[in-house]
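Understanding the architecture of this molecule
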Amino acid sequence: MALITLDKISKLYRTKEIETLALDNVNLTVDPGEFVSVMGPSGCGKSTLLNIMGLLDRPTEGTVTIDGSKASALGDRELARFRNENLGFIFQSFHLIESLSVLDNVEVPLIYRGIGARQRHEMAKEVLDKVGLSNRLKHHPSQLSGGQCQRVAIARAVVGNPKIILADEPTGNLDSKIGAEIMNLLHRLNTDDGRTIVMVTHNELQAADTDRVVRFFDGRRTE
Amino acid sequence: MIRIALKNLWSQRKVYGWLALELIILSILAWVIVDPTVVRIYYANQPLGYDSNRLAEISIDSYPSTSSKYSAEAADSASVSDNFNRILNTISSFPGVESATVVSYEIEGHSSWNGGLYTDTDTVSVTGIMYLQGTPFFATYGIKPVDGHSLKELQELGYPSDGIIISESTAQWLGKKPKEILGMTVGENQTEKRIVGVTNDVRPKSVGPNNTCMFIPATKENLSIEYFTIVFRLKDGIDPAKFVDENRNALNEKLSIGNYHPVELRTYADKSAELQYTQGYTNANRIGIFMAVFYLINMALGVIGTVWLQTRRRAGEAGIMKAFGARPHHITVTLIWEGIILTSVTWILGSAIYLQYALRKGLATARYINHWYIPKTWVTDFWTHFGIVALIILALMLVAVVIGIWIPARRIARVDPAVTLKDE
Ligand SMILES: Nc1ncnc2c1ncn2[C@@H]1O[C@H](COP(=O)(O)OP(=O)(O)O)[C@@H](O)[C@H]1O
Ligand SMILES: [Mg+2]
């Protein structure tokens, strides 16, 4: 059975001046353990797709089902909990919290899960060790390089042990060498830990390395 | 969430520094406003020590010899004394009247008699109240004995003229329990007086605290009987305002005897309202409360402004937090914790600064004149007083700050993560 099912998803953005149909009747399924890349020109709706898949945004039409749960049936509280337990996000511009240290940033998902301080520290240190940042625990995001920031973000995405990782152009702000390191990490998360990954990318080579490529144009799937 | 709040505060210390400074200044100002207001409200709500319901009074004047209504034959002392007695009897037996007494420097009057009592070592200011011997003064006011005497006994104590009756806090000043103090002598106006009775504490003016009081049973000769006031209690179930309205004419007529004629009939409530008005008490209370409200609004606005300015950044953070499992409630609580921590710290600093002043100049008190003995309460105990007012100020500051944060926090907490997490 598919882990993620998007069924006839449309997303219409309405502002005062214009209406944008960011997604137009999109169907997509992702199986457990798959590494899927999403490609397409800028503005074609990739981020919108990922946000809807990650339950950060609601579709105008259609249904999202993740691991058997229908997203539209979840209330605010269950939604927060569902995101916390099942989804890990990685963004192009990292979105770390500047006022918190590296260790604190990684602990964020664990705080909302209600895990005690000592166990949080241990869990966060363990994943930071895996991404090679155990010597930067007390640093703040502004004191790190882009590659280091993205590794912190990856640590934060996986620390709560979610089944699904959603990555929106995770290497978009990094040079190719650092980008390759990040890709390595993602592949390890997929093959070693069996996590399902959906990644938006502009890089054909990176996409070619994944299990499947989904292409978009103007809010529609073309492949 | 407290930990995150602490870290946010620390990382935003430049922004919050200004707010903290404002809150420190406001908490010092809070002391200046709240302390006297709290003390005044506390005293205003203490028991009067007598029963002010169903009390009314009538003042009687005499025509001067220059008046056309003056009667020379009614002016000799025997007639005056006789007419005085007739007036008192008339009012005492008037339908609806339970009892009546004649007082000089009455309770809740404009003028008061600030006397003094002294021992070998000390002097205390007391409010003196004189009443006519033989009239049921204590029963009319509802002032009770606390020295073991019955009300009837208390009524008859004090004659002949060297006896005085004191209030409980006067006994407290003299360092004795009410029962132990009976028979003790104190100096009063160059004479020795014997303490013959002790009553509960009384607030001679509703605009002030309960004072040390002395009650002196005076003879007619000691009182000025050209002009005097009769205070009377109405029977149970009679409304004083109605009584005064309905009986004004009848009383005017019946109490115009010889040269005597009534000049003013009014309820105790009217008398009290007038006193409070002329002494600016009601105004002082209103100003105090107004200032406190103004100050709270100011504080809330300062906080709203500061948090509002950060809305964009905080909304960004909130979006991230939500993507990783925070509920709107978590976001609001974290922001409010920031406010609580900031308030508590600035409250401690502001209060510590004010304490330096208070240790030298004292806290708000009921009396700023020396020699008044103020009965021991939390107000007179420095540290209890400081602690209670400090906690009231903390509570007020927290209300203002929490409201000030909550208003913008609701907006921040409601942001849509998809909007704030856009990658440009
Ligand atoms: N919040 C929004 N309000 C209005 N239009 C939006 C909003 N978010 C995205 N869009 C529009 O929807 C389309 C798809 O955007 P997006 O999913 O970010 O594209 P991509 O990630 O593929 O570059 C774009 O035309 C964009 O302008
Ligand atoms: Mg995008």
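Above this text sits the structure in question.
Report follows, based on the coordinates.

The rules behind the values
Residues numbered from 1 in each chain as written. Chains lettered and ligands numbered in written order. Predicted model: local features only at pLDDT ≥ 70, side-chain atom pairs only at ≥ 80, totals over all residues. Heavy atoms only, no water. Pairing = 2+ DSSP bridges. Helix = DSSP H or I, 4+ residues; strand = E, 2+ residues; numbered from the N terminus. Near = heavy atom within 4 Å. Polar contact = N/O pair within 3.5 Å; in protein donor to acceptor, adjacent residues only side chain to side chain. Areas by Shrake-Rupley, 256 points an atom, 1.4 Å probe, with all protein chains shown as cover. Nonpolar A, V, L, I, M, F, W, Y, C, P; charged D, E, K, R; others polar. Contact = heavy atoms within 4.5 Å. Buried area = accessible area lost by both parts, 1.4 Å probe. Salt bridge = Lys/Arg side-chain N within 4 Å of Asp/Glu carboxyl O. Axes fitted to C-alpha atoms, helices over the stretch in contact; angles between N-to-C directions. Parallel < 35°, antiparallel > 145°, perpendicular 65-115°, else oblique. Left-handed = near helix turned anticlockwise from the far one by under 90°. Buried < 20%, exposed > 50% of the residue type's maximum accessible area, 1.4 Å probe, protein only.

Attention now goes to the sheet that holds strand S3 (residues 35-39) of chain A. Residues and elements named next belong to chain A. In space, the six strands of this open sheet follow the order S6-S7-S8-S3-S9-S10, with mixed pairing throughout. The open sheet has two edge strands with one neighbour each: strand S6 (87-90) and strand S10 (220-221). Pairing geometry for S3 and strand S9 (residues 212-217), over four bridges, is parallel. What sits directly across from Ser37, in S9, is Val213.

It is worth spelling out the site of ligand 1 at this point. Ligand 1 sits among Tyr13(A), Thr20(A), Ala22(A), Ser42(A), Gly43(A), Cys44(A), Gly45(A), Lys46(A), Ser47(A), Thr48(A) and Lys422(B). The environment around ligand 1 is built from residues contributed by chains A and B. Between ligand 1 and Lys46(A), the relevant distance is 2.8 Å, taken from an oxygen atom to a main-chain nitrogen or oxygen of the residue. Within the contact set of ligand 1, an oxygen atom lies 2.7 Å away from a side-chain nitrogen or oxygen of Ser47(A). Against a free-state accessible area of 560 Å², the protein chains account for coverage of 71% of ligand 1. Within the residue set of the shell around ligand 1, elements represented by two or more residues are strand S2 (19-30) and helix H1 (46-53) of chain A. Among the elements that make up the shell around ligand 1, the one with the highest residue count is H1(A) (three residues). The class makeup of the residues in the shell around ligand 1 is three nonpolar, six polar and two charged.

Contacts between the two partners involve 23 residues from chain B, matched on the other side by 28 residues from chain A. Interface area, chain B with chain A, both sides summed: about 2400 Å², of which 61% is carbon and sulfur. The interface formed by chain B and chain A includes two salt bridges. Between Arg3(B) and Asp104(A) there is a salt bridge, and its shortest N-O distance comes to 2.9 Å. There are six residue pairs in polar contact (both at pLDDT 80 or more) connecting chain B and chain A. For the side of chain B that touches chain A, the secondary-structure elements that each account for two or more residues are helix H1 (2-11), helix H11 (311-323) and helix H14 (417-420) of chain B. Per-class residue counts for the side of chain B that touches chain A are ten nonpolar, five polar and eight charged.

Moving on: the packing of helix H12 (residues 328-361) of chain B against helix H13 (residues 382-413) of chain B. Residues and elements named next belong to chain B. It is at 8 Å that the axes of H12 and H13 come closest, and there the two elements cross at 150°. Taken as axis vectors, H12 and H13 run roughly antiparallel relative to one another. Both H12 and H13 take part in a crossing whose hand is right-handed. Classifying every residue of the contact of H12 with H13 by side-chain character gives 25 nonpolar, six polar and no charged.

Another aspect to go through is unusual backbone geometry. All names here are of chain A. Although it is not a glycine, Leu55 adopts a positive phi angle of roughly 60°. You can call Leu55 buried: its relative accessible area is 6%. One non-glycine residue, Phe94, lies in positive phi territory at about 65°. In this structure, Phe94 sits in the loop between S6 and helix H3 (102-111).

Residue and element names in this part refer to chain B. When you line up the elements, Trp378 lands in the loop between H12 and H13. Through-space distance from the C-alpha of Trp378 to that of Val39 is 9.9 Å; in sequence the pair is 339 residues apart. Sequence-distant contacts of Trp378, defined by excluding residues within four places in its chain, comprise Val38, Tyr42, Thr384, His385, Ile388 and Val389.

Residues and elements named next belong to chain A. Reading across from one edge, S2-S1-S4-S5 is the order of the four strands in this open sheet, with antiparallel pairing throughout. The open sheet terminates on both sides in strands that have one partner only, identified here as S2 and strand S5 (69-70). When strand S1 (residues 4-14) meets strand S4 (residues 61-66), the two strands line up antiparallel, connected through five bridges. Residue pairing in the sheet places Ser10 in a bridge with Glu61 of S4.

All we've got here are geometric facts, nothing functional implied.
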